[in-house]
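Geometric and topological summary
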Amino acid sequence: MRVKMNQCVHGMIYLAVLVAFAACDAPPVPLDDIVFEKTFVPEQCVRAVKVGDYVRYHYNGMFPDGKKFDSSYDRSSTYNVYVGKKQLIEGMDRALVGMCVNERRLVKIPPQLAYGKEGYGDVIPSDAILHFDVLLLDVWNPDDGVQMKTYYTPENCSRKVEVSDYVRYHYNGTLLDGTLFDSSHTRMRTYDTYVGIGWLIAGMDQGLLGMCVGEKRIITMPPSLGYGSNGDGSDIPQQASLVFDVVLLDLHNPKDGVSIINQDIPQHCHRKSVAGDFIRYHYNGSLLDGTFFDSSYSRNRTYDTYVGKGYVIGGMDEGLIGVCIGEKRRIIIPPHLGYGEEGTGTKIPGSAVLVFDIHIIDFHNPSDTVVITTNYKPEVCETLAKKGDFVKYHYNASLMDGSFIDSTYNYGKTYNIVLGANQVVPGMEEGLKEMCVGERRHLVIPPHLGYGERGVDGEVPASAVLIFDIEMIEMEAGLPDGYMFIWNEDVSADLFTEMDADKDLQVLASEFSDYILRQVNEGKGRLAPGFDAYRIIENMFSNQDRNGDGKITEDEFKLKADETTHDEL
């Protein structure tokens, strides 16, 4: 196209809609062809108008003296038309070619390329030169399809959107000139829908296919694949091209199951979790786009639950089966096995895929017993620990994940107990039975035989499986079951008289205590080891002082053999 400008027009700045060539004092010069000047050119011009394109534009129409004869602005509606198909005056048909969206031109059209000698009714007189201030807003072609431009691709893309997938995405929707007509961001809620089954306009149905979670894409579509010749009746005009700036946040298919990605499996796995086990694990929970929503680490406490019994969401119930203690795995859970269409209402949106990175700390079953492994046994191992024996042993205590709890070696002294006296947790009682001095064992104690659901504040977590490595250092045989004192020799026939040191026919507590201690020191009697001797003797005296008057008479005094129940003596 040949562009011609007279000397007056050249260099003018066209800012106001009604400012036109009439500003020159020189008389009008006859035009042989159209004359136009670009008064605004956008930085980017993705596409220029070609013959056969369909355009939407605004204009002000004026005569050379600046008098307005028509305006699309006054009608609040763009002018929509095919270019180069004689639907416009010839001058405008030619002036629109090569324009970019958002470009503005001042066009001067001679009569022979406008309405000629006939003019147009009472509006356009004969042989009128016409000036148009044109702003191009949209351009498309009937042959256009959806155009997609990805401007951010995530490093990892294990799966892409396919037909019938359900997606969650954010978008900004604009017209081709950049006018915003809708945004999910302003509603602070994703758009959630099935893809490829007609739930969306055709252009979006096509434009979302092949996207990865985290991908950002510009989707441009002609009206035929958007809202067509009618628009949406409010924000989207008729025959408008649409541009969607989309970021995909989530993707799943209703047929999806739980996906498990093993991240770290221990070298030794003696047992894998099964339904009915009680598991303690740490986790980080996030959405598929990486948005964090919860973590057990932030609470500094494991999540403890039964698996396979419906205590947790279905996907986690399934994903925790078959794990080893110490294992780390990623569990990806589709919404129908997570929190469904409703989500949690706060941190987890509706229809969200969940990603849990878990670390198994320990697990046990309520039917578990103590697991005892003998690491070392002396060649001579005949005397075995039994109920009532006083034993001294060293231990190192830890959790299943190796976390240190306690060690007698740190204190430089053994731990001393009487077996069967409930002085340690039941699992330790079980683990010490039938040990001999010098023997070393490895104990795995489930929580119901350890510190239970409460644990020990600041030391042992709730429901924790315990590991003890123990070594028997010393052992003293206990007394027969039910006895706290026994005679090593035959009992004196005149026992009461021997106790009654002052011969007043009654035995006081001091006389009783002195006598029993003397028998022990002389090896004639023996107190149960591991207990406070004075407490034992005090209890023995109380059992004989049947009326509780602080003294024992000969009538009250009885040997244990004479008792129907086991007490003392």
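The numbering scheme is per chain: residues are counted from 1 as the chain's sequence reads. In view of the model being predicted, local features appear only for residues whose pLDDT reaches at least 70, and side-chain atom pairs are presented and counted only at 80 or more, with totals across whole chains, interfaces and linings using the full set of residues. For side-chain calculations, the full set of non-hydrogen atoms in the structure is used, while hydrogens and water are omitted.

1. Side note on the domain arrangement of the chain
- Taken domain by domain, the chain comprises domain 1 (35-140), domain 2 (147-252), domain 3 (259-364), domain 4 (371-476) and domain 5 (485-557).
- The distance between the C-alpha centroids of domain 1 and domain 2 comes to 32 Å.
- Taken together, the contact between domain 1 and domain 2 spans 10 residues of the former and 11 residues of the latter.
- Buried area: the accessible surface (1.4 Å probe) lost by two parts on joining, summed over both. Both faces considered, domain 1 and domain 2 share a buried interface measuring about 780 Å² in area, 50% of it formed by carbon and sulfur atoms.
- Three residues, Arg56, Asp138 and Trp140, lead the burial of domain 1 against domain 2; their summed loss comes to 52% of the area buried on that side.
- We count a salt bridge whenever a side-chain nitrogen from Lys or Arg sits within 4 Å of a carboxyl oxygen from Asp or Glu. On inspection of domain 1 and its partner domain 2, the count reaches 0 salt bridges.
- Polar contact is the term for a pair of N or O atoms within 3.5 Å; when the atoms are in protein, one must be able to donate a hydrogen and the other to accept it, and sequence-neighboring residues count only if both atoms are side-chain atoms. The tally of links from domain 1 across to domain 2 stands at 3 residue pairs in polar contact (both at pLDDT 80 or more).
- Counting from the N terminus, the helices are DSSP H or I runs at least four residues long and the strands are E runs at least two residues long. Secondary structure elements with two or more residues in the side of domain 1 that touches domain 2: strand E2 (54-62) and strand E6 (130-140).
- Ranked by residues supplied to the side of domain 1 that touches domain 2, first place goes to E6 with 4 residues. Boundaries of every domain are those given by an automatic assignment or by a domain database. Note on contacts: a residue pair qualifies if any of its non-hydrogen atoms lie within 4.5 Å across the two residues.

2. Examining the packing of aromatic side chains
- Two rings from Phe, Tyr or Trp (for Trp, the six-membered ring) form a pair when their centres are within 6.5 Å of each other. A pair whose planes differ by under 30 degrees is stacked, one over 60 is edge-to-face, and the rest are tilted. Applying the stated criterion across every chain yields a total of 31 aromatic pairs.
- With a centroid separation of 6.1 Å and an interplanar angle of 80°, the aromatic rings of Tyr59 and Tyr79 are classed as edge-to-face. With Tyr59 in strand E2 and Tyr79 in strand E4 (residues 79-82), the pair connects residues that are 20 residues apart, well separated along the chain.
- Judged by its relative accessible area of 6%, Tyr59 falls in the buried class.
- On the accessibility criterion, Tyr79 (30% relative accessible area) is partly exposed.
- Through a chain of ring-to-ring contacts, three or more aromatic side chains come together here, namely Tyr57, Tyr59, Phe63, Phe69, Tyr79 and Phe132.
- Seen from the ring of Tyr82, Lys85 lies directly overhead, with NZ or CZ sitting 4.6 Å from the centre.
- Only when the NZ of Lys or the CZ of Arg is both within 6 Å of the ring centre and within 35 degrees of the ring normal is a charge said to sit over the ring. When the ring centre of Tyr306 is taken as reference, the NZ or CZ atom of Lys309 above it lies at 5.0 Å. Exposure is judged per residue with a 1.4 Å probe applied to protein chains only, and the accessible area is read against the type maximum: over 50% gives exposed, under 20% gives buried, and values in between give partly exposed.

3. A short note on the nonpolar core
- Core analysis: the biggest nonpolar cluster contains 28 residues, and Tyr57, Met92 and Phe132 have the highest contact counts within it.
- Broken down by secondary-structure element, the contributors of at least two residues to this core are E2, helix H2 (90-95), strand E5 (104-109) and E6.
- The biggest single contributor to this core is E6, with 5 residues. Residues belong to one nonpolar core when they are buried, are Ala, Val, Leu, Ile, Met, Phe, Trp, Tyr or Cys, and are joined through side-chain atoms within 4.5 Å.

4. Brief notes about the state of the cysteines
- Criterion for a disulfide: a pair of cysteine sulfur atoms at a distance within 2.5 Å. This model, assessed by the stated rule, comprises 4 disulfides.
- There is a disulfide in this structure between Cys157 and Cys212, and the S-S distance comes to 1.9 Å. For the disulfide bridge between Cys157 and Cys212, the dihedral angle about the S-S bond is near -90°, and by the sign convention the bridge is left-handed. Pair noted here: Cys157 is in the loop between strand E7 (147-152) and strand E8 (166-175) and Cys212 is in the loop between helix H4 (202-207) and strand E11 (216-221), with a separation of 55 residues, a long-range link.
- Looking at Cys157, the relative accessible area reads 31%, which means it is partly exposed.
- Taking the relative accessible area as the measure of exposure, Cys212 reaches 4% and is therefore buried.
- Note on cysteine connectivity: Cys381 is disulfide-linked to Cys436, with sulfurs 2.0 Å apart. On the S-S bond that ties Cys381 to Cys436, the torsion sits near -110°, and the link is left-handed. Note that Cys381 is positioned in the loop between strand E19 (371-376) and strand E20 (390-399) and Cys436 in the loop between helix H6 (426-432) and strand E23 (440-445), a separation of 55 residues in sequence.
- Given a relative accessible area of 3%, Cys436 falls into the buried group.

5. Describing the confidence of the model for the chain
- Confidence in the prediction for the chain averages 91 pLDDT; 93% of positions are at 70 or higher.
- Confidence scores per residue from the predictor, reported as pLDDT, run from 0 to 100. Below pLDDT 50 for its whole length, residues 1-27 participates in 48 contacts with residues either more than four positions away or in separate chains.

6. Brief notes about helix H8 (residues 509-521)
- In this scheme, a helix's expected span is set at 1.5 Å multiplied by one less than its residue total. Over its 13 residues, H8 extends 18 Å from the first C-alpha to the last, a length consistent with the 18 Å expected when each residue adds 1.5 Å.
- Residues Glu511, Phe512, Ser513, Tyr515, Ile516 and Gln519 constitute the buried set of H8.
- Turning to H8, the residues buried within the fold contact strand E25 (485-487), helix H7 (495-499), strand E26 (506-508), strand E27 (525-527), helix H9 (533-544) and strand E28 (551-553).

7. What to know about unusual backbone geometry
- Its identity is not glycine, yet Gln239 carries a phi of approximately 55°, on the positive side.
- Its location among the elements puts Gln239 in the loop between E11 and strand E12 (242-252).
- The backbone of Glu434 sits at a positive phi, close to 60°, despite the residue not being glycine.
- Take Glu434: it is sitting in the loop between H6 and E23.

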